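Letter by letter, the chains look like this.
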Amino acid sequence: MEIVRFGVGHRRPNGPPGSVGVTGQVIHSDDRGVISELAFARSARVEAHSNPNVTWFVVIEGGGWTRVGDEESRVAAGDAVLWPPDVVHAAWTEHGPMRAFVVEFAAGSAAADGGRVLEGRGVRLLAGDASRADRGEGALRHDAPAAYDPTEGEPR
């Protein structure tokens, strides 16, 4: 089992090149792509740039702005923005912080070219037809950690 820690206490003090007020941590990197966590402070930014990779910018906390080409849009937790290859894109905050995962698929990889990354089979559920989904298996952990002190940052 491999566990990679990210978040408070694990981020590099400087984010991607050309960024201001952004810290980050690479979670995974190989010839297929990169997964990173970025934390934007208030009034932070990743400058406009492009790269050859298909990239998803997935906002998990807070909100801010993103630009793709000439389009700008407000984004918030729960939004995922596609940054196409070789198209100028940027992200920034104004009045509050934002956290996001950035998932880049290397140019030429199956994922970037629209191919399958993993073997598998998808099942499409029709709206309101829960009978077509299998029930999952699992249980709550009984050895869950005790309550944490929120003044110490994010729980581990």
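See the structure printed just above.
Conventions adopted
Residues numbered from 1 in each chain as written. Predicted model: local features only at pLDDT ≥ 70, side-chain atom pairs only at ≥ 80, totals over all residues. Heavy atoms only, no water. Helix = DSSP H or I, 4+ residues; strand = E, 2+ residues; numbered from the N terminus. Buried < 20%, exposed > 50% of the residue type's maximum accessible area, 1.4 Å probe, protein only. Contact = heavy atoms within 4.5 Å. Core = buried A, V, L, I, M, F, W, Y, C linked by side-chain atoms within 4.5 Å. Pairing = 2+ DSSP bridges. Phe/Tyr/Trp six-rings, centres within 6.5 Å; stacked < 30°, edge-to-face > 60°. Salt bridge = Lys/Arg side-chain N within 4 Å of Asp/Glu carboxyl O.

Draft legend 1. Spatial organisation of the overall build of the chain. Helix and strand counts for the chain stand at zero helices and seven strands. The helix and strand sequence of the chain, counted from the amino end, reads β-β-β-β-β-β-β. Taken across its 156 residues, the chain has 24% of its residues classed as buried. A sequence separation of at least 24 residues applies to 58% of the contacts in the chain between residues at least 6 apart.

Draft legend 2. Main features of the nonpolar core. By size, the foremost hydrophobic cluster in this structure holds 14 residues, and its most contacted members are V22, L38, F40, F57 and M98. At the level of elements, β2 (33-49), β3 (54-68), β5 (80-83) and β7 (98-105) are the ones that each hand at least two residues to this core. It is β2 that provides the largest number of residues to this core, a total of four residues. Sequence-distant contacts of F40, defined by excluding residues within four places in its chain, comprise G21, V22, R45, V46, F57, A91, W92, T93, P97 and M98.

Draft legend 3. Spatial organisation of the pairing of strand β6 (residues 89-92). Every second residue of β6 is oriented toward a common face, with H89 and A91 on one face and A90 and W92 on the other, all of them buried. Where β2 meets β6, three bridges bridge the pair, whose relative direction is antiparallel. Counterpart to V46 in the pairing with β6 is A91. Here four bridges tie β3 to β6, and the two strands are oriented antiparallel to one another. Paired with T66 across the bridge in β6 is A91.

Draft legend 4. Focus on the packing of aromatic side chains. According to the stated counting rule, one finds three aromatic pairs in the structure shown. Judged by centre distance (4.8 Å) and plane angle (15°), the rings of F57 and W83 are stacked. Remark: W83 occurs in strand β5 and F57 occurs in strand β3; sequence separation between them is 26 residues. Across the pair, exposure class does not vary: F57 and W83 are buried alike. Where W65 meets W92, the ring centres are 6.4 Å apart and the plane angle is 10°; that geometry is what we call stacked. Residue W65 is located in strand β3, and its partner W92 is located in strand β6; the two are separated by 27 residues in the primary sequence. For the residue pair W65 and W92, the accessibility class agrees, reading buried in each case. Among the aromatic residues, those joined into a cluster by ring pairs are F40, F57 and W83.

Draft legend 5. Region of interest: the pattern of salt bridges. Across all of its chains, the model carries five salt bridges by this definition. A salt bridge links E47 to R45; the shortest N-O distance between them is 2.4 Å. Linked by salt bridges that have partners in common, E37, E61 and R99 make up one network.

The values are spatial; any link to function lies outside them.
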